[in-house]
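# Notes for the structure review
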Amino acid sequence: MSEIIVITSGKGGVGKTTTTANLGAALAAAGKKTALIDTDTGLRNLDLVLGLENHICSTLIDVAEGKIPYQNALIKHPLYENLYLLPTSQKYDKSALNADALVKICNEMRNDFDYILIDCPAGIEQGFQTSIAAADSAIVVTMPEMSALRDADKIIGELNRAEFTDIKLIINRIRPDMIRKNDMLDTQDITEILGVDIIGQLPDEEAIIKYTNKGQSIIEDDAALSAQIFKNIAQRICGEDIPFVNLVSPPTIIDKLKSLFKK
């Protein structure tokens, strides 16, 4: 029986879909048979991030409407033998998929996969409510910015109301230099604000943009810090106790002097 994890954010543009794709690739590379389900009907970007946009013949909506079994809509990733995508449609809006249909599809998939990751639409409207209905646990993706944290807090509240007991946090686009200068919240500040345990913290790294634009996973780049971090998050999901990478080194003498003169 697979574990079904919804990956959500509240606010758009925080890297939720990129996180879903790279985390799926990391789980697959670790030998876990993994399915990614894009529930952002009408927009559909997960296929682009995975480089699979030209492989789509059928969609999640076709499966939900009973036209085909889910196996016929699955796309096997050409690089990761354990990674599959169930894409959604661009032709419909989010009302084309309801919670009952998604739950049914996910229950049919449970015996065939180790992990199922649901890429949830941004916001707290129908698309969000549909996506969380099928999940066992949730990962909230946010950034160390007040607007993103406020939206993440709203999402966590909605998940609590839906009686989720397993909610984890991924903090994306961390700028260590800004944290050292006290211009950005650190992870301790964020966990105190949101009251949720962190499962991963990712730097604001140019390599992610480069690989995302090419439709490739960052885990292919051994020199990228984010590659190791995504692998670490995947191991934590699998139950392993993996120490966190320290992104923020102690302030330099110059940092301390600048901070002193600011005061």
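Our structure's up above, just so we're on the same page.
The structure displayed is predicted, hence computed values, not measured ones. (Residues numbered from 1 in each chain as written. Predicted model: local features only at pLDDT ≥ 70, side-chain atom pairs only at ≥ 80, totals over all residues. Heavy atoms only, no water.)

### Remarks on the pattern of salt bridges
Applying the stated criterion across every chain, the model contains 9 salt bridges. Residues Lys 67 and Glu 65 are paired through a salt bridge, measuring 3.1 Å at the closest nitrogen-oxygen approach. One network of salt bridges, in which partners are shared, links Lys 154, Glu 158 and Arg 161. (Salt bridge = Lys/Arg side-chain N within 4 Å of Asp/Glu carboxyl O.)

### Topic: the packing of aromatic side chains
Evaluated as defined, the whole model comprises 1 aromatic pair. With 5.6 Å between their ring centres and 75° between their planes, Tyr 84 and Phe 113 make a pair best called edge-to-face. Here Tyr 84, found in strand β4 (residues 83–86), pairs with Phe 113, found in the loop between α5 (99–109) and β5 (115–119); they are 29 residues apart in sequence, far enough to count as distant. Judged by its relative accessible area of 17%, Tyr 84 falls in the buried class. The ring of Phe 113 carries Lys 33 above its face, with NZ or CZ at 5.1 Å from the centroid. The ring of Tyr 211 carries the charged tip of Lys 214 above its face, separated from the ring centre by 4.7 Å. (Phe/Tyr/Trp six-rings, centres within 6.5 Å; stacked < 30°, edge-to-face > 60°. Helix = DSSP H or I, 4+ residues; strand = E, 2+ residues; numbered from the N terminus. Buried < 20%, exposed > 50% of the residue type's maximum accessible area, 1.4 Å probe, protein only. Lys NZ or Arg CZ within 6 Å of the ring centre and 35° of its normal.)

### With respect to helix α6 (residues 126–133)
When α6 is considered as a whole, its buried residues turn out to be Gly 127, Phe 128, Thr 130, Ser 131 and Ile 132. As for α6, its buried residues are in contact with β1 (3–8), α5, β5 and α7 (146–161). (Contact = heavy atoms within 4.5 Å.)

### Quick look at the sheet that holds strand β7 (residues 167–174)
Pairing within the open sheet is mixed, and its 8 strands lie in the order β3-β4-β2-β5-β1-β6-β7-β8. Either end of the sheet is taken by a strand with one partner, and the two such strands are β3 (75–76) and β8 (197–203). Bridge count between β7 and β8: 5 bridges; the pairing is parallel. Bridged to Ile 170 within β8 is Gly 200. On the sheet, helix α1 (residues 16–29) packs against β1, β2 (34–38), β4, β5, β6 (137–142) and β7 and is oriented at approximately 170° with respect to β5. Packing of helix α9 (residues 187–194) onto the sheet brings it into contact with β6, β7 and β8, and relative to β7 it is tilted by some 140°. (Pairing = 2+ DSSP bridges. Axes fitted to C-alpha atoms, helices over the stretch in contact; angles between N-to-C directions.)

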